[in-house]
Amino acid sequence: MKNTLLLFTFLLVSFSATYAAKVDTIQIYSQAMHKPVKCVVVIPDTYNRKKGLQFPVIYLLHGYSGNYADWVRKAPGLPALADTYQCMIVCPDGGFGSWYLDSPVDSAWKYETYVGKEIPAYIDSHYRTLADRQHRAITGLSMGGHGALFLAIRHSDTFGAAGSMSGGVDIRPFPKNWDLSKRLGSIEEHPEHWKEYAVVTQAEQLKDGVLSLIIDCGVKDFFIDVNRSLHQQLLQQGIAHDYTERPGEHNWAYWSNAVEYQALFFHNFFERSKDK
């Protein structure tokens, strides 16, 4: 009996090791910024076993002071989501405090162009993706939550679904924080930048049905008030979206849990797209 159990365990571990998502780190050159930037690509287990398959892609953005490797290092269950939902997961590097913007005051920072245009183009040309907006989603945490919604609203021809986890969806209450003034200029000298580059302002142009949206935030998070305000704004505009508050703070315990719900949401979006 003991030998049988050991054999079963060995076979189970061997099977899991053989058929598991692959995590690659690559460099993608940015023509806009004239430099190579690192990026993690998570490829589902069937990618190399079934050569004809094409896959939807979830773009997953890190927060302020993070980098391209944050999600796979700090949310160890992430590769399993690629297997569960048979999708690719791409984690770009957004720089130290880029806020995923093309900075109006510093031309060296063009992360809206890089993440919103250059990376999807590269991924679609180098991997077997379903290369249309109905099979691309983008989400992220904190600064990345802002970035995901900001990019999706401004590039809805590229992304069909978007999410935010603990996102800084209105930057205006935080004029002294997180290098924002380096990217936008001071709020006193350039109030127009702070308004134009806030998600809540960008969302004013949204029409219902353009994007499939999921937004969540922990009730003890310092971004909870701006997320509640965005939720109310979307309700008033009649924009359908999933919004969740649950116990949690601005930390990896929350995001590691939240990403599982968002991955399921995007999977359902991809599946609905098959019927269209």
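Structure: see above.
On a predicted model such as this, the values are computed, not experimentally measured, just so you know. (Residues numbered from 1 in each chain as written. Predicted model: local features only at pLDDT ≥ 70, side-chain atom pairs only at ≥ 80, totals over all residues. Heavy atoms only, no water.)

1. Observations regarding the state of the cysteines
Argument step 1. According to the stated counting rule, one finds zero disulfides in the structure shown.
Argument step 2. Among the cysteines around Cys-87, which has no disulfide bond, Cys-91 carries the closest sulfur, lying 11 Å off. (Disulfide = S-S within 2.5 Å.)

2. Thoughts on unusual backbone geometry
Argument step 1. Phi at Gln-86 is positive, roughly 50°, even though this residue is not glycine.
Argument step 2. The topology assignment puts Gln-86 in the loop between helix 3 (78-85) and strand 4 (88-92).
Argument step 3. The partly exposed category is assigned to Gln-86, whose relative accessible area is 24%.
Argument step 4. Of note in the backbone geometry, Asp-179 takes a positive phi value of approximately 65° without being a glycine.
Argument step 5. Here Asp-179 shows up in the loop between strand 6 (161-165) and helix 6 (180-184). (Helix = DSSP H or I, 4+ residues; strand = E, 2+ residues; numbered from the N terminus. Buried < 20%, exposed > 50% of the residue type's maximum accessible area, 1.4 Å probe, protein only.)

3. Some thoughts on the side chain of Ser-166
Argument step 1. The residue Ser-166 is located in the loop between strand 6 and helix 6 in this model.
Argument step 2. Sequence-distant contacts of Ser-166, defined by excluding residues within four places in its chain, comprise Ser-142, Asp-216, Cys-217, Asp-221, Phe-223, Asn-227, His-250, Tyr-254 and Trp-255. (Contact = heavy atoms within 4.5 Å.)

4. A few points about the side chain of Asp-179
Argument step 1. Take Asp-179: its relative accessible area is 16%, and that puts it in the buried class.
Argument step 2. Setting aside residues no more than four positions away along its own chain, Asp-179 makes contact with Tyr-64, Phe-96 and Gly-97.

5. With respect to the packing of helix 3 against helix 10 (residues 252-273)
Argument step 1. The interhelical angle for the contact between helix 3 and helix 10, taken along N-to-C directions, is 20°, at an axis separation of 11 Å. It follows that helix 3 is roughly parallel to helix 10 by the angle criterion. With respect to the hand of their crossing, helix 3 and helix 10 are arranged in right-handed fashion. Contact residues: helix 3 offers Leu-78, Leu-81 and Tyr-85, while helix 10 offers Val-259, Glu-260, Ala-263, Leu-264 and His-267. (Axes fitted to C-alpha atoms, helices over the stretch in contact; angles between N-to-C directions. Parallel < 35°, antiparallel > 145°, perpendicular 65-115°, else oblique. Left-handed = near helix turned anticlockwise from the far one by under 90°.)

6. So, the packing of aromatic side chains
Argument step 1. Using the criterion set out here, one finds 17 aromatic pairs in the structure.
Argument step 2. Here the aromatic rings of Trp-71 and Trp-252 are separated by 5.0 Å at their centres, their planes lie at 80°, and the arrangement is edge-to-face. With a gap of 181 residues between them, Trp-71 in helix 2 (residues 70-74) and Trp-252 in helix 10 connect regions that are remote in the sequence. For the pair shown, Trp-71 and Trp-252 are each scored as buried.
Argument step 3. On the basis of an interplanar angle of 45° and a centroid distance of 6.3 Å, the ring pair of Trp-99 and Trp-178 is categorised as tilted. Residue Trp-99 is located in the loop between strand 4 and helix 4 (111-126), and its partner Trp-178 is located in the loop between strand 6 and helix 6; the two are separated by 79 residues in the primary sequence.
Argument step 4. A residue is classified by how much of its surface remains accessible, and Trp-99, at 1% relative accessible area, is buried.
Argument step 5. According to the relative accessible area criterion, Trp-178 is partly exposed, its value standing at 22%.
Argument step 6. Grouping aromatic residues by their ring pairs yields a cluster made of Trp-99, Phe-174, Trp-178, Phe-222 and Phe-223. (Phe/Tyr/Trp six-rings, centres within 6.5 Å; stacked < 30°, edge-to-face > 60°.)

7. Description of helix 3
Argument step 1. Taken across its eight residues, helix 3 has six buried, putting it largely inside the fold.
Argument step 2. Buried within helix 3 we find Leu-78, Pro-79, Leu-81, Ala-82, Asp-83 and Tyr-85.
Argument step 3. Contacts from the buried residues of helix 3 go to strand 1 (22-30), strand 2 (35-43), strand 3 (57-61), helix 2, strand 4 and helix 10.
Argument step 4. Just beyond helix 3, the residue with positive phi is Gln-86, at close to 50°.

8. Quick look at the nonpolar core
Argument step 1. Formed by 57 residues in total, the largest nonpolar core has its most connected members in Val-41, Ile-123, Ile-138 and Leu-230.
Argument step 2. Apart from the residues lying within four places of it in its own chain, the contact partners of Ile-138 are Tyr-59, Leu-61, Val-115, Ala-148, Leu-151, Ala-152, Phe-159, Ala-161, Ala-162, Gly-163 and Phe-266.
Argument step 3. Residues Val-40, Leu-60, Cys-87 and Ile-214 belong to the second largest nonpolar core, which totals 31 residues. (Core = buried A, V, L, I, M, F, W, Y, C linked by side-chain atoms within 4.5 Å.)

9. Some thoughts on the pattern of salt bridges
Any two side chains of opposite charge can pair, on the condition that their charged atoms come close.
Argument step 1. Applying the stated criterion to the full structure yields nine salt bridges.
Argument step 2. Notably, a salt bridge pairs Arg-136 with Asp-124, separated by 2.7 Å at the nearest N-O pair. In this pair, Arg-136 is assigned in strand 5 (residues 136-140) and Asp-124 in helix 4, connecting sequence segments 12 residues apart.
Argument step 3. The partner of Arg-172 in a salt bridge is Asp-170, and the shortest N-O contact between them spans 2.9 Å. (Salt bridge = Lys/Arg side-chain N within 4 Å of Asp/Glu carboxyl O.)

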